[in-house]
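# Residue-level structural notes
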Amino acid sequence: QVQLVESGGGLVQAGGSLRLSCAASGNIFRSNTMGWYRQAPGKQRELVATMASAVSTNYGDSVKGRFTISRDNAKNTVYLQMNSLKPEDTAVYYCNADIVVYSGSNFYVYWGQGTQVTVSS
């Protein structure tokens with residue numbers, strides 16, 4: 001079993017910053033791509049940022065230049081530094097990870113339970 005546990009969400013004023021963390025635990029051989037998605041009320045889940053390696057990152061257009069994704073492979077943890085937050089960033093943020101559970105196996109996709117980020121104007 002693999003679990004993803006997010007932390008760091010909360011309420012912040014517009015222009016402020018938050019840092020989200022997501023730690024993967026359990027039967028993990030290797031973490032491939034890890035990242036963040038978000039879903040606002042009444043909207044579809046959308047890409048925030050993903051990171052396959054130190055040189056392979058992908059950001060949603062609405063967060064480019066404001067959010068930074070990073071990871072600690074030794075801890076199977078991914079982070080999301082969110083700066084210059086806007087009210088439209090308000091959403092539930094979900095951690096996502098492609099996990100290889102043993103050598104030679106395919107990867108499986110796991111999701112965290114979500115953490116609420118609310119940005120007040």
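Residue numbers run consecutively from 1 along every chain, following the written order of its sequence. In view of the model being predicted, local features appear only for residues whose pLDDT reaches at least 70, and side-chain atom pairs are presented and counted only at 80 or more, with totals across whole chains, interfaces and linings using the full set of residues. Based on all heavy atoms of the structure, the side-chain values leave hydrogens and waters out of the count.

### Side note on the pairing of strand β3 (residues 18-26)
Where strand β1 (residues 2-7) and β3 come together, six bridges link them in antiparallel fashion. Residue leucine 4 lies in a different strand from β3, and its bridge partner there is alanine 24. Pairing of β3 with strand β8 (residues 77-82) involves six bridges; the strand directions are antiparallel. When the sheet's bridge partners are listed, serine 21 is paired in β8 with tyrosine 79. When DSSP finds two or more bridges between two strands, those strands count as paired. Secondary structure elements are defined from DSSP: runs of H or I of at least 4 residues count as helices, runs of E of at least 2 residues count as strands, and each element is numbered from the N terminus.

### Section: the side chain of glutamate 6
Along the chain, glutamate 6 turns up in strand β1. In this structure glutamate 6 is buried but unpaired, with arginine 45 as the nearest side chain of opposite charge at 7.9 Å. One polar contact links the side chain of glutamate 6 to the main-chain amide nitrogen of glutamine 113, over a distance of 3.1 Å. A polar contact is formed between the side chain of glutamate 6 and the backbone nitrogen of glycine 114, at a distance of 2.7 Å. Contacts are assigned to residue pairs that have any heavy atoms within 4.5 Å of one another. Not counting residues within four places of it along the chain, the set of residues in contact with glutamate 6 comprises Ser21, Cys22, Trp36, Tyr93, Tyr94, Cys95, Gly112, Gln113, Gly114 and Thr115. Working definition: with a 1.4 Å probe on protein chains only, accessible area under 20% of the residue-type maximum means buried, over 50% means exposed, and in between means partly exposed. Charged residues are defined here as Lys and Arg on the positive side and Asp and Glu on the negative side; His and the ends of the chain fall outside this count. When a carboxyl oxygen of Asp or Glu lies within 4 Å of a side-chain nitrogen of Lys or Arg, that pair is called a salt bridge. Side-chain atoms alone can form a polar contact between residues adjacent in sequence; in general such a contact is a pair of N or O atoms within 3.5 Å, and within protein one must be able to donate a hydrogen while the other accepts it.

### Notes on the environment of glutamine 44
Inspection of the secondary structure assignment puts glutamine 44 in the loop between β4 (30-39) and β5 (46-53). Leave out the neighbours within four places in its chain, and glutamine 44 touches Arg38 and Gln39.

### Concerning the pattern of salt bridges
For the structure shown, the criterion picks out four salt bridges. A salt bridge links glutamate 46 to arginine 38; the nearest nitrogen and oxygen atoms lie 2.6 Å apart. Given the relative accessible area of 5%, arginine 38 is considered buried. The salt bridge involving arginine 66 is made with aspartate 89; its shortest N-O contact spans 2.7 Å. Highlighted residues: arginine 66 in the loop between β6 (56-59) and β7 (67-72) and aspartate 89 in the loop between β8 and β9 (91-100), separated in sequence by 23 residues. Across the pair, exposure class does not vary: arginine 66 and aspartate 89 are buried alike. Ionic contacts of the salt-bridge type, sharing partners, join the residues Arg38, Glu46, Arg66 and Asp89 into one network.

### As for the pairing of strand β11 (residues 115-120)
Regular strands show a simple pattern: their side chains alternate between the two faces of the sheet. Covered by surrounding structure in β11 are Thr115, Val117 and Val119 only, the residues Gln116, Thr118 and Ser120 on the alternate face being uncovered. Where strand β2 (residues 10-13) and β11 come together, four bridges link them in parallel fashion. Bridge pairing in β11 places leucine 11 opposite threonine 118. Looking at chain direction, β9 and β11 are connected through three bridges and run antiparallel. Bridged to valine 92 within β11 is glutamine 116.

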